[in-house]
Amino acid sequence: MPKRSLSLSGYGIGWSTRQRITVSAIGLAILLALAATVAVFTGRTGTSDSQTATPPSTAAASADPTASAGTGSVAKPPPVADPVNFAKAAAAMLWSYDTRTTSRDQQLAGMKAWLTAETKYADWSSLTAQVPDPVLWSRMADQDQYATAAVDEAHYPSAFKQALADDPSAITEAYIYAVTVTGKQQIAWKKGGAGAEDRSITLAVQCRPNADCSLVSIAPRVVP
């Protein structure tokens, strides 16, 4: 039995610039609100897009382990149009997993269901960076490790609110909102092993009018 859990919480720390959204360094609100800098926010080129608005071809599906993996115990995205409420649900999903019932491919497939279908904005790499590599996932499964989440609070970062106040129409290009969520993750494993950790995350959420929200990206660091 390990002395501590093998947590997902440390994943993504070493992301490259291309894999991460460049949020706080030059102002989260500017990157979110101004259409001219959306490409910087997503931090990718068109060739790395993983999600499309139409179903993948047979060849693409066979190359993508999430295409037919099922979703195991991963929660499905809720049909809500409010960015804050959606971000709360997304954070709870990202902080939860169950290696007893869900394979790594299923975990990825479940997470992908939350991602926006608009490839111009979707930052799939920021989500996949939250999931351990296959070897570590297998070790966690050997210990029957799982985690549940409790969300305490969610809010728009102050810089984002200021940007909207300065230029309310800027959001209408992509309808991407920044939301910071705080809560707690409970982790358990074999033979009574357990632990709890406080969690905070800043998410980019897309909520177009008359449509359900979807997840765009995960910030490389929490924005107050």
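Residues numbered from 1 in each chain as written. Predicted model: local features only at pLDDT ≥ 70, side-chain atom pairs only at ≥ 80, totals over all residues. Heavy atoms only, no water.

*Asks:* I tried to follow the state of the cysteines on my own but got confused; where do I start?
*Replies:* In protein chemistry, a disulfide is the covalent bond that joins the sulfur atoms of two cysteines. Under the counting rule described, the total for this entry stands at 1 disulfide. Through a disulfide, C207 is tied to C213; the S-S separation comes to 1.9 Å. Across the S-S bond of C207 and C213 the torsion is about 115 degrees, and the bridge reads as right-handed. Accessibility classification places C207 together with C213 in one group, the buried group. (Disulfide = S-S within 2.5 Å. Buried < 20%, exposed > 50% of the residue type's maximum accessible area, 1.4 Å probe, protein only.)

*Asks:* Help me out: how do you make sense of unusual backbone geometry in this one?
*Replies:* Excluding glycine, most residues fall at negative phi; most peptide bonds, likewise, are trans. Residues other than glycine seldom take positive phi values, yet D144 does so here, at roughly 55 degrees. Summarising the element assignment, D144 is placed in the loop between α7 (134–142) and β2 (146–155). Here the phi dihedral of N210 falls at roughly 60 degrees; this positive angle occurs in a residue that is not glycine. Using a relative accessible area of 83% as the deciding quantity, one classes N210 as exposed. (Helix = DSSP H or I, 4+ residues; strand = E, 2+ residues; numbered from the N terminus.)

*Asks:* Got a minute to help me understand the side chain of T99 in this structure?
*Replies:* With respect to the secondary-structure elements, T99 resides in the loop between β1 (97–98) and α5 (104–112). Among the polar contacts made by the side chain of T99, one reaches the main-chain carbonyl oxygen of M140 at a distance of 3.4 Å. Side-chain polar atoms of T99 contact the backbone oxygen of Q145, separated by 2.6 Å. (Polar contact = N/O pair within 3.5 Å; in protein donor to acceptor, adjacent residues only side chain to side chain.)

*Asks:* What's the story with the pattern of salt bridges in this structure? I'm lost.
*Replies:* Two side chains that carry opposite charge are able to pair once their charged atoms sit near each other. On inspection of all chains with the given rule, the structure shows 4 salt bridges. For the salt bridge of R100 with D98, the shortest nitrogen-to-oxygen distance reads 2.8 Å. The exposure class assigned to D98 is buried, which follows from its relative accessible area of 11%. Here K184 makes a salt bridge to D198, at a shortest N to O gap of 3.9 Å. A residue pair is termed long-range when its members are at least 10 positions apart, and K184 in strand β3 (residues 176–189) and D198 in strand β4 (residues 193–206) qualify at 14 residues. Accessibility expressed as a relative area gives 34% for K184, which makes it partly exposed. (Salt bridge = Lys/Arg side-chain N within 4 Å of Asp/Glu carboxyl O.)

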